[in-house]
Each structure stands twice: as C-alpha cells, then as structure tokens.
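Residue-level structural notes
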Amino acid sequence: MKAAVYRGPHNIKLEEAPEPEVKSSSVLVHFGAGSICGTDMHFYRGDWRWMRKGMIIGHDAWGTREDTGERVVMVPIVNCGHCYFCLRGLPTYCVRGKFYGLTRDGFFAESKAMLPRSLIPIPEGMSNEEAAVVEPVALALRVINYMKPNLGDWVTIIGQGAIGLLMTQVAQLKGCRVIAVDLEDYRLELSQKYGADVVINAKNEDVAKTVRKLTKIGSDLVIEAAGNRATVEQTPYLVRKAGKVALVGESKGLLNLEDADEASFFTIYISPVEYPSAVELIARKLVDVKGLITHRFKFDEFEKALQTVDKPGEKALKAIIVTQ
Ligand SMILES: [Zn+2]
Ligand SMILES: [Zn+2]
C-alpha cells in the first residue's frame, strides 16, 4: 500500500509500505480523508526533529471499516487503561499512551489497523470533508473545557489559525466574550464571522492596551495559540488577577509574572476524551470546519499538499487530503 513516510525535514513522500498487520483485537480501516496539521508542518519544516525516520505521518483522518463498511473517525491517541493516570480517569496523561502519526505509524496510509474503541462512527449528515477535520475541534474543546469559563467571561485568544478560529467558535458557544488577536486581516474576518466580539490586528494595535481598556481588569481567560515567544511573553499583561492562561502552541519564552497576581499559567495539548463531542458538535452544525478548508488534494498529491501549505502566500488554514 502507499503511505506518507517521514524521512526527515522537507522529505515526507509517498512510498510503498507494508500492509498493516491486523490482529484479532483490531480492524482494518481504509483511508477516506484527512487533514494536514500544524504539527505535521513542524516536522516537514524541520522545527521538530524527534520523529523517528520511516514513520508514517498523519493524525487527523477518517476511514471506512473493512468489516462493517461504516465511516469512522480515527482517534489518534490510545491509552493503556491501567496505569496510574488511566486508573484515576485521566487517560490524557497515560504513561504508556501511543500517539498515531507522532510516536506510532499514523493515518496517511491507504489502510490502517485500529482498535475498535478508537473508532467513532460518523453521523449521517456529517460530510466526508467535515470528518477530515476533527482533531483541532477536539483540541479547542479540550482547552476551553479545561478552563471552565463562566458565562460572559472575557476570553482573549491569541492566534487565529485553524485552531484559534475553532477556539473562538467554542468559547462563543460557552457564552464567553471573545477577543480574537492575529496579524492577518483575512483571518480576523473569519474570527468575526465566527462570533468574536472584538478583533485586534496586533500589527496596528497595542494588544495589552486594548484588552485592558475593554475588560478594565484584564481578560478572565487568555489562550496563546500563535505559538511564538513574543505572544507567550505577552500573556501576563493580558490576564486579570486570578485569571487563567493556557499555552497551547509552543511554550518557549520568559514570563514576567509581576503583573499577573495569582494567575494560573499552564501548558495544554490534545486529549482523546473530547473526540466524541467534537464529532457531535460538527455533525450538529454547532461548530463549523468547512469554512476553514482552504485547500484540497488527492492522496497522490501528498507532497504537493505539504509544499503548498508551507507557502505563506497560500494563506492555508486547513488542507485536506482525499482518496479521490
Ligand atoms: Zn494535530
Ligand atoms: Zn495508561
């Protein structure tokens, strides 16, 4: 079968790979469609180099079950069920957790052997394209749920890429007032479309000043989803006393905590727990992923897809890969 194999920076290509071994505990899933994630691009660009060479990449995809013919979303994280964290109901932190497309062979392959418990049936009404973009929705849910916002809370979301835009949508659903921050007007237009109350282009405006002016005391919640040092270092100036700051992207930077009295700062990543609700919210049209899909490629055009997403001029939000 064909699969997208990581051989190093700028070297992820379709190759002939061995057919997956299907054990009695697993079922075969044939690739339907998937999307390229910022994480895949970090490996492609060589920002991150810890992926094992020879690994199949891709962690956001759906496929068709060989045994039942059902369309299913594949959950990329598998927990063991009996370690310290699993036994305490915290599968996210499983010490033996596997992550397909990062620490184990991923989903950009013609077929994949999966445990049935990692497969979520795709509701009728949910299109093949929508089902290709579930992971960032699960991440947005994970972050917002973890922060437990109150109705009417100010949430400042720095970075309005695909993940930031989904956080804007989810925060809005939770009854928050959203301040969306980015450097690109085309993204901020989408933030507005998705219900952001205020948009700030950080190229033209002092973000901290505007946030203070709007909120008087600082933002109740701050989410850093741009992933760079400058935006990480800005967070203490945006959060109110006893507020919360989620560092979702890169968390490099030196925080000056002088202005952040008793505020909580934490890093947060993806979790398997929110996948079923992510599928549900997309199917019920409460969260929109269709509007984030800017590029479509066939499975055979995988390399072209990476090259295209890599060009800033392409303004890619989500690129999807489809079988035909
Ligand atoms: Zn991802
Ligand atoms: Zn475990």
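In this text the structure is predicted, and so the values were computed from the model without any measurement.

Things to note about the overall build of the protein chain
Within the protein chain one finds 9 helices and 18 strands. Along the first, second and third principal axes, the C-alpha set of the protein chain runs to 60 × 45 × 40 Å. Residues counted as buried form 52% of the 324 residues belonging to the protein chain. For the protein chain, long-range pairs separated by at least 24 residues make up 65% of all intrachain contacts whose partners lie at least 6 apart in sequence. Of the accessible surface of the protein chain, which amounts to about 14600 Å², a share of 50% is contributed by carbon and sulfur atoms. If the 41 positive side-chain charges of the protein chain are averaged to one point and the 40 negative ones to another, these points end up 3 Å apart.

Describing the coordination of the zinc ion (ligand 2)
Within the protein, the zinc ion (ligand 2) binds to Cys80 (SG), Cys83 (SG), Cys86 (SG) and Cys94 (SG); these donor distances fall in the range 2.3 to 2.4 Å. Of note is the zinc ion (ligand 2), whose 4 donor atoms meet at the metal with angles of 102 to 117° in an arrangement that counts as tetrahedral. Sequence spacing of the donor residues for the zinc ion (ligand 2), all on one chain, is C-x2-C-x2-C-x7-C. Taken together, the positions of Cys83 in the loop between strand E7 (77–78) and helix H2 (84–87) and Cys94 in the loop between H2 and strand E8 (98–99) put the pair 11 residues apart, joining distant regions of the chain. Here the two residues Cys83 and Cys94 agree in accessibility, since each one is buried.

A word on the sheet that holds strand E1 (residues 2–6)
Spatially, 3 strands are ordered E2-E1-E4 in an open sheet, and the strand pairing comes out antiparallel. In this open sheet, the two strands that pair with only one neighbour each are strand E2 (12–16) and strand E4 (55–56). Judged from the 2 bridges that link them, E1 and E4 form a sheet pairing that is antiparallel. From the neighbouring strand, Tyr6 faces E4, where its bridge partner is Met55. Helix-sheet contacts for helix H9 (residues 302–310) involve E1 and E2, and the interaxial angle to E2 is about 175°.

Side note on the layout of surface pockets
Size it by volume and the second largest pocket reaches roughly 580 Å³. Lining the second largest pocket are 26 residues, and of these Pro20, Glu21, Asp105, Lys112 and Ala113 sit closest to its centre. Those elements that place two or more of their residues in the lining of the second largest pocket are E2 and strand E9 (111–114). Element by element, the count of residues in the lining of the second largest pocket is highest for E9, at 4 residues.

Observations concerning the side chain of Glu130
Along the polypeptide, Glu130 turns up in the loop between strand E10 (119–121) and helix H3 (135–147). By relative accessible area, Glu130 is classed as buried at 2%. Aside from chain neighbours lying at most four places away, what touches Glu130 is Gly125, Ile282, Lys285, Val289 and Lys290.

Things to note about a positive patch on the surface
Side chains of Lys23, Arg52, Lys98, Arg104 and Arg117 sit close together on the surface and give a patch of like positive charge. One can find Lys98 in strand E8.

A few points about the packing of H3 against helix H4 (residues 162–173)
Contact geometry of H3 with H4 gives a least axis separation of 9 Å together with a crossing angle of 55°. In this view, H3 runs oblique relative to H4, as classed from their interaxial angle. As H3 runs across H4, the sense of the crossing is right-handed. Packed against H3, whose contacting residues are Pro136, Val137, Leu139, Ala140, Leu141, Val143 and Ile144, the element H4 presents Ile163, Leu166, Met167, Val170 and Ala171 at the interface. Residues that form the contact of H3 with H4 fall into these classes: 12 nonpolar, no polar and no charged.

Looking at the sheet that holds strand E15 (residues 239–247)
Pairing in this open sheet of 6 strands is parallel, and the strands run E13-E12-E11-E14-E15-E16 from one edge to the other. Single-partner strands in this sheet number two, and they are strand E13 (198–201) and strand E16 (264–267). For this sheet, the mean angle separating the axes of adjacent strands, direction not counted, is 15°. Across 4 bridges, the pairing between E15 and E16 is parallel. By the bridge assignment, Ala246 is partnered in E16 with Phe266. Set on the sheet, H3 makes contact with strand E14 (219–224), E15 and E16; between it and E14 the angle comes to about 150°.

Remarks on the domain arrangement of the protein chain
Taken domain by domain, the protein chain holds domain 1 (2–134 + 289–322) and domain 2 (137–267). Its C-alpha centre places domain 1 at a distance of 28 Å from the equivalent point of domain 2. Across the boundary between the two partners, domain 1 contributes 11 residues, which contact 14 residues of domain 2. The junction of domain 1 with domain 2 conceals about 990 Å² of combined surface from both sides, 63% of it contributed by carbon and sulfur atoms. The interface formed by domain 1 and domain 2 contains 0 salt bridges. The interface formed by domain 1 and domain 2 contains 3 residue pairs in polar contact (both at pLDDT 80 or more). Partitioned by chemical class, the residues of the side of domain 1 that touches domain 2 number 7 nonpolar, 2 polar and 2 charged.

Definitions and cut-offs
- Per chain, residues are indexed from 1 in the order of the written sequence.
- Here every chain gets a letter starting at A, and every ligand a number starting at 1, in the order they are written.
- Whole-chain, interface and lining totals are the exception, using all residues; otherwise, since this is a predicted model, local features are given only for residues with pLDDT of at least 70 and side-chain atom pairs are given and counted only at 80 or more.
- Just so you know, side-chain values use all the structure's heavy atoms and leave hydrogens and water out.
- The helix and strand labels rest on DSSP assignments: H or I over at least four residues marks a helix, E over at least two residues marks a strand, and numbering proceeds from the N terminus.
- Burial status follows relative accessibility: with a 1.4 Å probe on protein chains alone, a residue under 20% of its type maximum counts as buried, one over 50% as exposed, and anything between as partly exposed.
- In this analysis, two residues are considered to be in contact whenever any of their non-hydrogen atoms come within 4.5 Å of each other.
- Each accessible area is a Shrake-Rupley estimate made with a 1.4 Å probe; only the visible protein chains count as cover when residues are assessed.
- The charge count includes Lys and Arg as positive and Asp and Glu as negative, but it does not include His or the ends of the chains.
- Where a charge lies is defined by one atom per residue type, namely NZ (Lys), CZ (Arg), CG (Asp) and CD (Glu).
- Note: metal donors comprise N, O and S atoms at 2.8 Å or less from the metal (3.2 Å for Na, K and Ca); water molecules are not included, so apparent gaps in a site are possible.
- Angle rules define the geometry names used: all angles between 85 and 135 degrees makes four donors tetrahedral, while opposite donors over 155 degrees apart and all other angles between 65 and 115 make four donors square planar and six octahedral, leaving every other case irregular.
- A pair of strands is considered paired only if DSSP assigns at least 2 bridges between the two.
- Axis definition: a line fit to C-alpha positions, over the contact stretch in the case of helices; interaxial angles, taken between N-to-C directions, run 0 to 180 degrees.
- Definitions used for this entry: grid spacing 1 Å over protein atoms alone; cavity, a set of points where a 1.4 Å probe fits but cannot get out; pocket, an open set with protein on both sides within 12 Å along at least 5 of 7 lines; lining residue, one with an atom within 4 Å of a point.
- Grid points are joined across faces, edges and corners, and a volume is the space filled by probe spheres set on the points.
- Exposure above 30% relative accessible area and the lack of any salt bridge qualify a residue for a patch; like charges then connect within 9 Å, and the nonpolar side chains Val, Leu, Ile, Met, Phe, Trp and Tyr within 5 Å.
- Salt bridge, as applied in this entry: a Lys or Arg side-chain nitrogen positioned within 4 Å of an Asp or Glu carboxyl oxygen.
- For this classification, under 35 degrees means roughly parallel, over 145 means roughly antiparallel, 65 to 115 means roughly perpendicular, and everything else is oblique.
- In this scheme, a crossing is called left-handed if the near helix is turned counterclockwise away from the far one by less than a right angle; it is called right-handed if the turn is clockwise.
- Nonpolar residues are Ala, Val, Leu, Ile, Met, Phe, Trp, Tyr, Cys and Pro. Charged residues are Asp, Glu, Lys and Arg, and all others, Gly as well, are polar.
- By convention here, the domain bounds are inherited from an automatic or database domain assignment.
- Summed over both partners, the accessible area lost on bringing two parts together, with a 1.4 Å probe, is the buried area.
- Distance and chemistry together define a polar contact, namely a pair of N or O atoms within 3.5 Å, with one atom able to donate a hydrogen and the other to accept it when in protein, and with adjacent residues in sequence counting only for side-chain atoms on both sides.

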